[in-house]
Amino acid sequence: MLVLSGTHTYYLIPGADYIIGRKTDSDVLIPASSLDGVSRHHGRLSYHINGELLYTDTSQYGTYVNTKKITNGLSTAINKGNNIRFGQQTNSWVVEEANLSVSNIQGKEKAEVLGKVRKLNLKYSNTWNRSCTTLIMSQISVTVKVFYFKYTSNV
């Protein structure tokens, strides 16, 4: 599983296509106006079961990967760590591997969660660290860890 994060965070599941744009029926909604150069359906992100991530630009104003404008209509490989900018927006989005922190879960419930995490072949840790993208908890207790997660993530 990959994470696409920018103004919002989206979890990408292998084997799925995602329409990216400013129109509300988009799978990945880019908050923008037409003045930002973001099309209603700006492009399509395809996450193949083999792990390949391809982006096809269908926009008028373009998409930039690591500051390089990609060719409209052609599929372009997106790699983990790439910065993506849609249209004329100044903010960028980044693709990274999901890294889960399983916390505050005990016994049978923890075994069940970890079984599903392993089945999906996801990276996980039993403790929070700076590389974690997602925190899984059965209940929330307001701790330093929760504040750290909230203020160091894009959530």
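Structure shown above.
Computed from a predicted structure; not experimentally measured. Throughout, residues of each chain are indexed from 1 in the direction in which the sequence is written. For this predicted model, a pLDDT threshold of at least 70 governs which residues receive local features, and a threshold of 80 or more governs which side-chain atom pairs are given and counted, while totals over whole chains, interfaces and linings are taken from all residues. Only hydrogens and water are set aside; all other atoms, that is, all heavy atoms of the structure, feed into the side-chain values.

*Asks:* Can you walk me through the environment of Leu 2 in this structure?
*Replies:* Only DSSP runs of H or I reaching four residues or more are called helices, and only runs of E reaching two or more are called strands; each is numbered from the N terminus. As for its position among the elements, Leu 2 is in strand β1 (residues 2-5). Think of it in three bands: residues with accessible area under 20% of the maximum for their type are buried, residues over 50% are exposed, and the middle band is partly exposed, with areas taken using a 1.4 Å probe on protein chains only. For Leu 2, a relative accessible area of 4% gives the class buried. In the structure, Leu 2 is positioned 94 residues away from Glu 96 in sequence and 5.7 Å away in space, judged by C-alpha atoms. Two residues qualify as a contact provided that any one of their heavy atoms is within 4.5 Å of a heavy atom in the partner residue. Sequence-distant contacts of Leu 2, that is, excluding residues within four places in its chain, are made with Tyr 10, Tyr 11, Leu 12, Tyr 47, Leu 53, Lys 80, Val 95, Glu 96, Glu 97 and Ala 98.

*Asks:* I would appreciate a short explanation of the sheet that holds strand β10 (residues 83-86) in the present structure.
*Replies:* Within a sheet, neighbouring strands are paired by backbone hydrogen bonds and run either parallel or antiparallel to one another. Taken together, the six strands give an open sheet; going across it, the order is β2-β1-β11-β10-β7-β8, and neighbouring strands pair in antiparallel fashion. Only two strands of the sheet have a single neighbouring strand rather than two, namely β2 (9-12) and β8 (68-69). Only strands joined by at least two bridges in the DSSP assignment are considered to pair. Pairing of β1 with β2, which is carried by four bridges, proceeds in the antiparallel orientation. Note on β2: the bridge partner recorded for Ser 5 is Thr 9.

*Asks:* Any chance you could explain the pattern of salt bridges here in plain terms?
*Replies:* When their charged atoms lie close together, side chains carrying opposite charge are able to pair. When a carboxyl oxygen of Asp or Glu lies within 4 Å of a side-chain nitrogen of Lys or Arg, that pair is called a salt bridge. Tallied over the entire structure, the rule returns two salt bridges. For Glu 97, the salt bridge identified is with Lys 80, shortest N-O distance 3.5 Å. Of this pair, Glu 97 sits in strand β11 (residues 93-97) while Lys 80 sits in the loop between β9 (75-77) and β10, placing them 17 residues apart in sequence. On the accessibility criterion, Glu 97 (31% relative accessible area) is partly exposed. On the basis of relative accessible area, Lys 80 is assigned to the exposed category, the value being 54%.

*Asks:* So what exactly am I meant to see when it comes to the side chain of Asn 82 here?
*Replies:* Here Asn 82 is to be found in the loop between β9 and β10. Here a polar contact is recorded for every N or O atom pair within 3.5 Å, except that within protein the pair must consist of a potential hydrogen donor and a potential acceptor, and residues adjacent in sequence are included only if both atoms are side-chain atoms. Polar contacts involving the side chain of Asn 82 include one to the main-chain amide nitrogen of Asn 79, which spans 2.7 Å.

*Asks:* Help me understand the sheet that holds strand β14 (residues 134-136), please; the structure alone is not making it clear to me.
*Replies:* Read from one edge to the other, the open sheet built from three strands follows the order β13-β12-β14, with strand pairing classed as parallel. The open sheet has two edge strands, β13 (123-125) and β14, and neither has a second partner. Averaged over all pairs of adjacent strands, the angle between strand axes in this sheet comes to 30°, irrespective of strand direction. One ladder, built from three bridges, connects strand β12 (residues 99-102) with β14; its direction is parallel. If you follow Val 102 over to β14, its bridge partner there is Ile 136. The axes used here are C-alpha line fits, helices contributing only the stretch in contact, and every angle between their N-to-C directions lies in the interval 0 to 180 degrees. Against the sheet, helix α1 (residues 107-119) contacts β12, β13 and β14, and its axis sits at roughly 170° relative to β12.

So, to be careful, I would describe these as geometric facts and stop short of saying anything about function.
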